[in-house]
Structures are given as structure tokens and as C-alpha cells.
Amino acid sequence: MNTTFRPALLVIDMQYDFVHGSLAVEGGHSIIDTVNLLLALPFVAKIASKDYHPPNHISFAETHQKPVFSKIRLLHPDGGEESLEQVLWPVHCVADTPGSEFVEGLHSGALTSIVHKGTHPSIEMYSAFRDPWHLENTVLPSVLESHGVTDVFIVGIAGDYCVKSTALDAVDFGYKTWVVRDAVRSVSFEGTEWTDMQLKGVRIVDSEEVKRMIRDS
Ligand SMILES: [Zn+2]
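These numbers come from a predicted model, not from an experiment. Note that residues are indexed from 1 along each chain, following the sequence as it is written. A pLDDT threshold of at least 70 governs which residues receive local features in this predicted model, and a stricter bar of 80 or more applies before side-chain atom pairs are shown or counted, although totals over entire chains, interfaces and linings include all residues. Excluded from the side-chain calculation are hydrogens and water; included are all heavy atoms of the structure.

J.: Would you take a moment to explain the overall build of the protein chain for this structure?
T.: For the purposes of this entry, the term helix denotes a DSSP run of H or I that reaches at least four residues, the term strand denotes a run of E that reaches at least two, and both are numbered from the N terminus. When helices and strands are tallied, the protein chain shows seven helices and eight strands. By the compact-globule yardstick of 17 Å for 217 residues, the protein chain fits well, its C-alpha radius of gyration being 17 Å. Contacts were defined at the residue level, with two residues in contact if any of their heavy atoms lie within 4.5 Å. Pairs at least 24 apart in sequence give 75% of the contacts found in the protein chain among residues at least 6 apart. Working convention for charge: Lys and Arg count positive, Asp and Glu count negative, and His plus the chain ends are omitted. The atom standing in for a charge is NZ when the residue is Lys, CZ when it is Arg, CG when it is Asp and CD when it is Glu. If you average the places of the 17 positive and of the 29 negative side-chain charges in the protein chain, the two averages end up 6 Å apart. Radius of gyration: over C-alpha atoms. The globule rule applied is 2.2 Å multiplied by the number of residues raised to the 0.38 power.

What follows is the structure, encoded as C-alpha cells:
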């Protein structure tokens, strides 16, 4: 492996609740084998994120006594006018519960690091890098830096939320960023996330192409 191409694999939220549980994404199960094939390749780091919430998390409809999938505006945690739209989700991926475990069948033994996100009760975190207000980073930026990573290859769930946010942040953090289309599943079928990511400089590839790139590097 040369020093100018040091690829990392980022496996986003391949957890029970997103595949079989309270917030199951259609087709989530069908990407496990492809993710496992990628996990077997010689990436310099293989990192998984876990959505990992306290039971009263701000993204849960139950926390606000509002209907699931309704939307609210969240104000900046430090006050002021700035606000973000928040979809209110069913309770999912509560820390230390079966729903937060990696989905059965995922070769998690191949992982070199695990990044937890959304652990603070009042802050939602789709990106594996940081919260949307850019108040705090997860350990991901320092893990990537410690491995001298140049390129990140992103797979997992959900394409239109956590995969997309992670990919956009990867570009912001200066990484050449690839999203592996056949190893991603989204909540919505609209598909606008692919254009959103490409406009920001994210490259969309398929797993066969990634295999060639990593093997030939
Ligand atoms: Zn969540």
C-alpha cells in the first residue's frame, strides 16, 4: 500500500434497530453480505459507527409526546435564533439494549474501531464526525488522523440521513470521500441524497469498483 492512498472503510449504523427493529430501513438486511465483503479488504482502518442514545433522547417522538415522523424545530443548544428541522423518530438504538447491537451476520470482528454517536440527551447526531452545530467531534476525526487516512469509503444505513451527513462532513474534514451505492440503504425512495452528496464532491461507486481499487493499491 502506498502512502498517497490510505483508504478507510466507514460502516454506518449497521445495528439491529435499523435492520430489523423499531426503525428498520427497507432492504437493510440485503447489504450485510456486501458490507462483509468490503470488511475483508485491506483498508488501513475499518471503523463502524453506532447510534447510541439515552432513553430520553431529543430525536425520539416519545420524548416530546408527539407523533412519530412528525417534525419540530430544534434551537441551537447555546441559544440564539439558529434552528434545525428535526424528524421525530421511534425510540431506537438505546445504549446497552439489543436494539443498539450490531446486526446479526455483520463481521464486526474485522472492525478496528467503533464510534458512538448521539450519546448526549439533547443533541442529535446523524454524522459520525460531529453534531450538526459543530460543537463537538466524536473520536472519528482523530482515529482517521492517527491512521494517516486519505480516502474514506462509506457504507451502511441510512443513506439519506447518517450516511449522507457523514459523507458531507468527510468532505469538510478534507478527505477524498466515496459512498458505495450498493452497500447503502435509505429511508426514503426519492434518491435526492445521491445528488446532494455528489454536488458537495462525494464520489459514488459500487462495491466491485472498490474491490479493484483496494486490491490494486
Ligand atoms: Zn438515532
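Resuming the write-up.
J.: Which parts of the structure should I look at to understand empty space enclosed by the protein?
T.: In this approach a probe as big as a water molecule rolls over the atoms, and the regions it shows empty are the leftover space. Points on a 1 Å grid, built from protein atoms alone, make a cavity when a 1.4 Å probe fits but cannot get out and make a pocket when they are open with protein on both sides within 12 Å along at least 5 of 7 lines; residues with an atom within 4 Å of a point are the lining residues. Grid points are joined across faces, edges and corners, and a volume is the space filled by probe spheres set on the points. Applying the stated rule across the entire model yields one cavity of 30 Å³ or more. Its volume calculated, the largest cavity comes out at about 120 Å³. For the largest cavity, the lining is made up of 13 residues, of which F18, L23, W89, Y161 and C162 are closest to its centre. In terms of residue class, the lining of the largest cavity is made up of ten nonpolar, one polar and two charged. Classification convention: Asp, Glu, Lys, Arg as charged; Ala, Val, Leu, Ile, Met, Phe, Trp, Tyr, Cys, Pro as nonpolar; all other residues, Gly among them, as polar.

J.: Would you take a moment to explain the pattern of salt bridges for this structure?
T.: Side-chain pairs of opposite charge can arise whenever the charged atoms involved come near each other. Definition used for salt bridges: Asp or Glu carboxyl oxygen within 4 Å of a side-chain nitrogen of Lys or Arg. The tally for this structure, following the rule as stated, stands at eight salt bridges. The shortest N-O distance in the salt bridge between K71 and E85 comes to 3.9 Å. Pair noted here: K71 is in strand β3 (residues 71–75) and E85 is in strand β4 (residues 83–87), with a separation of 14 residues, a long-range link. The partner of D172 in a salt bridge is K200, with the nearest N and O atoms 3.2 Å apart. Taken together, the residues span a long stretch of sequence, with D172 in helix α5 (residues 159–172) and K200 in the loop between α6 (192–199) and β8 (203–205) at a distance of 28 residues. Buried, partly exposed and exposed residues are distinguished by accessible area as a fraction of the type maximum, computed with a 1.4 Å probe on protein chains only: under 20%, between the cut-offs, and over 50%, respectively. With relative accessibility at 36%, the residue K200 sits in the partly exposed group.

J.: Looking at this structure, how should I read the coordination of the zinc ion?
T.: Put simply, a metal with four donors set out as a tetrahedron has ideal angles of 109.5 degrees, and one with six donors set out as an octahedron has ideal angles of 90 or 180 degrees. Protein-derived ligands of the zinc ion are D51 (OD), H53 (NE2) and H92 (NE2), with the metal-ligand distances lying across 1.9 to 2.1 Å. Only nitrogen, oxygen and sulfur atoms qualify as donors, provided they sit within 2.8 Å of the metal or within 3.2 Å for Na, K and Ca; with water excluded from the atoms, sites may seem incomplete. Mapped onto the polypeptide sequence, the residues donating to the zinc ion form the spacing pattern D-x1-H-x38-H. On the criterion of sequence distance, the pair formed by D51 in strand β2 (residues 45–51) and H92 in the loop between β4 and β5 (113–117) is long-range, its members being 41 residues apart. Exposure remark for H92: the relative accessible area of 2% places this residue in the buried category.

J.: What is the right way to look at the side chain of K117 in this model?
T.: Within the secondary structure layout, K117 lies in strand β5. As used in this structure description, the phrase polar contact means that two N or O atoms lie within 3.5 Å; if the pair is within protein, one of them must be able to donate a hydrogen and the other to accept it, and residues adjacent in sequence are counted only when both atoms belong to side chains. In this structure the side chain of K117 is engaged in a polar contact, spanning 2.8 Å, whose partner is the side chain of D13. Excluding residues that lie within four positions of it along the chain, K117 makes contacts with D13, S49, K50, D51, Y52, H53, M125, Y126, S127, A128, T138 and C162.

J.: Mind showing me how you'd approach the environment of T97 here?
T.: Inspection of the secondary structure puts T97 in the loop between β4 and β5. The exposure class of T97 is partly exposed, given its relative accessible area of 28%. A C-alpha to C-alpha distance of 33 Å links T97 and D151, two positions 54 residues apart in sequence.

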